[in-house]
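A look at the structure
Read off the chains here:
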Amino acid sequence: MELEDLEVYALYQAVENLITEGLFTCSPGRDIESSVHVVTTPAVDLKLDLVTEDARKAFLTHLRHEYMSGMEADVWLAIQKEKDAA
C-alpha cells in the first residue's frame, strides 16, 4: 500500500499521540494496562500490533526515515505543502 503525504502524516500522528487521525486509529489493546497498542484503518482489513513502547517508537522512527526524510512530522508536512503549492 502506497501512502499519500497526508496519510503518512495522519498515521504518524495517530501512533505518536495514541489517537484517531484521518483514517488511522491507534488505541490500547484488550488490556488497557499493557503497553500494547493497535493501529487500524477502515481502508484495509489489517491491524498492526505495537506490543511494546519500544516497538511504537521504532515504528515512528521507521515512518520518519522511510517517508519523511528523517524530519519531524510537522516540518516534513509543511515542506510537502510548500512543494504542492509551487
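Below you will find a few notes about this structure. (Residues numbered from 1 in each chain as written. Predicted model: local features only at pLDDT ≥ 70, side-chain atom pairs only at ≥ 80, totals over all residues. Heavy atoms only, no water.)

Describing the side chain of Q13
Threshold: Numbered from the N terminus, helices here are DSSP runs of H or I no shorter than four residues, and strands are runs of E no shorter than two. Partly exposed describes any residue whose relative accessible area lies between the buried limit of under 20% and the exposed limit of over 50%, with all areas from a 1.4 Å probe on protein chains only and scaled to the type maximum. Residues are treated as being in contact if the distance between any of their heavy atoms lies within 4.5 Å.
Inspection of the secondary structure puts Q13 in helix α1 (residues 5–17). The buried category is assigned to Q13, whose relative accessible area is 12%. If near-sequence neighbours (up to four positions away) are discounted, Q13 is found in contact with L18, I19, E21, A73 and D74.

A short note on the environment of A55
Its place among the elements puts A55 in helix α2 (residues 53–67). Taking relative accessible area as the criterion, A55 reaches 24% and is therefore assigned partly exposed. C-alpha separation for the pair A55 and E66, spaced eleven residues apart in sequence, amounts to 16 Å.

Notes on the sheet that holds strand β4 (residues 47–50)
The following threshold applies: If DSSP finds at least two bridges between two strands, the strands pair. Axis definition: a line fitted to C-alpha atoms, over the contacting stretch in the case of helices. Angles run 0 to 180 degrees between N-to-C directions.
An order of β1-β2-β3-β4 is seen for the four strands of this open sheet, with the pairing classed as antiparallel. Because the sheet does not close on itself, it has two edges, and the strands there are β1 (20–21) and β4. The pairing of strand β2 (residues 24–28) with strand β3 (residues 37–40) spans four bridges and is classified as antiparallel. Its bridge partner being in β3, T25 is matched across the sheet by T40. Each of β1, β2, β3 and β4 is contacted by α1, which is oriented at about 10° to β2, the strand it contacts most.

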